[in-house]
Amino acid sequence: MVDLENNDRREYIFENTLVVQILEPGQRLLSWLIFDCPLTAASQIVSIFHKFKILGNLLRKCLVLGQKVSFIFKALCTSITPMDFSEQFKGKKITVMGLGLLGRGVGDAAYLAECGAEVTVTDLKSEEQLTDSVEKLKLYPNVRFALNGHKEEDFENVDMVLVAAGVPFDSPYLAHAHKAGVPLKQSAALFAELSGIPIIGVTGTRGKSTVTAMVHHVLSVTTGEHIIKGGNVRGVSNLQLLKEVKEDSLAVLELDSWQLQGFGWAGISPQIVVFTNFMPDHMNYYKNDMDAYFTDKANIFLHQKESGVFITVPEVFERAKKMAGTLGQEVVLVDDSTLPEDVLLSMPGEHNRLNAALAVAALRAVSLTDEEIFTGLASFSGVEGRLQLLTTVDNVRIYNDNNATTPQATVAALEALDVGNKNIVLIAGGADKGLELLQLTAAIREHCKQTILIPGTGTERLLAALEGGNSTVNRTIAVEDLQQAVEEARLAAKNGDIILFSPAFSSFSQYNNEYERNDEFVELVKKYE
């Protein structure tokens, strides 16, 4: 076996090309595996590799097929520098539809401009409404703005339209582009197409952010490598992530239904898929059509190859089978009983134990051992805005569950925190999505000592539902804003109580986005620390 203490030089003939590589110690063991040890031994030894462990599952399948040299060689000869995708866009005419204020659209447009594309940015909002985003892009002379509405000419005679998440699927401008033969792309799917790296994709109505964060955290601490995290992540431009891609990279992407439209357009799916659950959401967008909602979500598994892994819960699997017919990829079904009882998590609630079980299945699919997985999970501190314990003041625990934008998510939070003494002061309310409120009103009556509602169309409906229940146990009040809600909650909460901010509705009645609402709540709570 080769000496592992020092770097050395090796030359290979691979596909009629002479390759000279200076091997680092960890790579030389892999080199020995490729060129010197027997095939049968290789399949057993591969699991010991630290850096390339994330390739183990796919590698074993290639070994079975006798593709030992070609597959492992690609892993061995990876570039230590990021790959360059600029030629894909240089000189191209590209329309960016939807700029927004979250930073994703700005980052995507900036990346395209940096690559030398002629970029047209169009949005329904005015320049005044998009001031911060527009100012950042004015640095690029090859960016043109067409704001305060769309024009058909910006969707024809261009090489591509990059569509922001949430653009209506029946937009006449998308139809016009399609008729003109212009490809429609979304940034997460475009990242997957161009990078070609293994991707763990996570979707679901609830839990996708938590599962994504769990998987990313454990991979990062276990392998010691830079694991790319993107998709539906705050402020993260998926095209900017292309700057981080190396040939041995791995990405974990949180994917909402809108981003998965782009995977459907491209006809691709991630190699490893986690589908956490499926419940009513975004019904205002999907016009109360659950099948249309699932059709977008299903793109995460529909285009997987036989080597792919599809991890989900039985309820989703039953629906998936009806839509897809025969599923050729490996399917792993998970429920909360698959997580050992002695595994401790920082995040409360049975729903988070199910999230952890799904994450464990994904991590096993990339060949991590249970010891590595559970050790990594032990150091996972949770996700901002998801049952996040912000602080304890005067023995009152204050939780930030800002990202609970559906009634079901708030029900899960109430069930997770209430141990039977009905000591929760709930702050909720916001913009209506047209979702059923029966379970939420029942949970509020069962678990809350007081409910404080911030303004919004959903608030009006919830208030009417609560008042219609003739509850004399719960006190429910409506306030003018989040600041007043926090003040009222502090007055209502006594020793041992819990203040829970879990809106159950989206933020658009008073905020530009849910992150703005999250940040305001965090700052308001800091005043009491």
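Residues numbered from 1 in each chain as written. Predicted model: local features only at pLDDT ≥ 70, side-chain atom pairs only at ≥ 80, totals over all residues. Heavy atoms only, no water.

Participant: Summarise the overall build of the chain; cite the residues concerned and give the values.
Facilitator: What the chain contains, in helices and strands, is 20 helices and 19 strands. Each of the 529 residues in the chain was classed as buried or not, and the buried ones make up 54%. When contacts within the chain are restricted to residue pairs at least 6 apart in sequence, those whose partners lie at least 24 apart make up 71%. Of the roughly 23200 Å² of accessible surface on the chain, 50% is carried by carbon and sulfur atoms. (Helix = DSSP H or I, 4+ residues; strand = E, 2+ residues; numbered from the N terminus. Buried < 20%, exposed > 50% of the residue type's maximum accessible area, 1.4 Å probe, protein only. Contact = heavy atoms within 4.5 Å. Areas by Shrake-Rupley, 256 points an atom, 1.4 Å probe, with all protein chains shown as cover.)

Participant: How would you explain the pairing of strand β16 (residues 424-428) if you had to name every residue and give the values?
Facilitator: Burial analysis of β16 places five of its five residues in the buried class, which makes it a mostly covered element. Covered by surrounding structure in β16 are Ile424, Leu426 and Ala428 together with Val425 and Ile427, the residues of both alternating faces. By the bridge criterion, five bridges tie β16 to strand β17 (residues 448-453) in an arrangement that is parallel. Its bridge partner being in β17, Val425 is matched across the sheet by Gln450. What joins β16 to β17 is helix α17 (residues 438-447), and the crossover it makes is right-handed. Note that β16 and strand β19 (residues 498-501) share four bridges and pair parallel. What sits directly across from Ile424, in β19, is Ile498. (Pairing = 2+ DSSP bridges. Right-handed = clockwise from strand over helix to strand, strands pointing away.)

Participant: Give a detailed account of the pattern of salt bridges, specifying residues and quantitative values.
Facilitator: The final tally for this structure, using the stated rule, is 15 salt bridges. Across the salt bridge formed by Lys287 and Asp170, the nearest N and O atoms sit 2.9 Å from each other. Of this pair, Lys287 sits in the loop between α11 (283-286) and α12 (290-302) while Asp170 sits in the loop between β6 (160-163) and α7 (172-179), and the two are 117 residues apart along the sequence. A salt bridge links Asp291 to Arg319; the nearest nitrogen and oxygen atoms lie 2.7 Å apart. Residue Asp291 is found in helix α12, and its partner Arg319 is found in helix α13 (residues 314-324); the two are separated by 28 residues along the sequence. The class of Arg319 is partly exposed, set by a relative accessible area of 27%. Salt bridges here are not isolated pairs; linked through shared partners, they connect Glu127, Glu135 and Lys138. (Salt bridge = Lys/Arg side-chain N within 4 Å of Asp/Glu carboxyl O.)

Participant: I'd like a rundown of the side chain of Asp418, residues and numbers included.
Facilitator: Mapped onto the elements of the fold, Asp418 is located in the loop between α16 (407-417) and β16. Nearest to the buried, unbridged Asp418 among oppositely charged side chains is Lys422, at 8.0 Å. Side-chain polar atoms of Asp418 contact the backbone nitrogen of Gly420, separated by 3.0 Å. There is a polar contact of 3.3 Å between the side chain of Asp418 and the backbone nitrogen of Asn421. (Lys, Arg positive; Asp, Glu negative; His and termini not counted. Polar contact = N/O pair within 3.5 Å; in protein donor to acceptor, adjacent residues only side chain to side chain.)

Participant: Any chance you could break down unusual backbone geometry for me, citing the residues and the numbers?
Facilitator: For Asp394, which is not a glycine, the phi torsion comes out positive at approximately 55 degrees. Relative to the assigned elements, Asp394 resides in the loop between β14 (388-393) and β15 (396-400). On the basis of relative accessible area, Asp394 is assigned to the exposed category, the value being 61%. Residue Asn395 is not a glycine yet carries a positive backbone phi of 60 degrees. Residue position: Asn395 is located in the loop between β14 and β15.

Participant: Quick one: what's the story with the sheet that holds β16, residue by residue and with numbers?
Facilitator: Read from one edge of the open sheet, six strands run β14-β15-β19-β16-β17-β18, paired in mixed fashion. Strands at the two margins of the open sheet, each flanked by one partner only, are β14 and β18 (475-478). Each adjacent strand pair in this sheet contributes to an overall mean axis angle of 15 degrees, direction not counted. Where helix α20 (residues 514-526) meets the sheet, its contacts fall on β14, β15, β16 and β19, and the angle it forms with β15 comes to roughly 160 degrees. (Axes fitted to C-alpha atoms, helices over the stretch in contact; angles between N-to-C directions.)

Participant: Describe the packing of helix α10 (residues 257-266) against α12, listing the residues and the values that go with them.
Facilitator: Contact geometry of α10 with α12 gives a least axis separation of 7 Å together with a crossing angle of 60 degrees. Taken together, the axis directions place α10 and α12 in an arrangement best described as oblique. In terms of crossing hand, the pair formed by α10 and α12 is left-handed. Contacts between α10 and α12 involve Ser257, Leu260, Gln261, Phe263 and Gly264 on the former and, on the latter, Tyr293, Asp296, Lys297, Asn299 and Ile300. The residue makeup of the contact of α10 with α12, split by class, is four nonpolar, four polar and two charged. (Parallel < 35°, antiparallel > 145°, perpendicular 65-115°, else oblique. Left-handed = near helix turned anticlockwise from the far one by under 90°. Nonpolar A, V, L, I, M, F, W, Y, C, P; charged D, E, K, R; others polar.)

Participant: Requested: an account of the packing of helix α19 (residues 482-492) against α20, with residues and values cited.
Facilitator: The contact between α19 and α20 brings their axes to 10 Å, and the two run at 40 degrees. When the axis of α19 is compared with that of α20, the two are oblique. Taken as a pair, α19 and α20 cross one another with a handedness that is right-handed. On α20, the residues touching Leu482, Gln483 and Val486 of α19 are Arg517, Glu520, Phe521 and Leu524.

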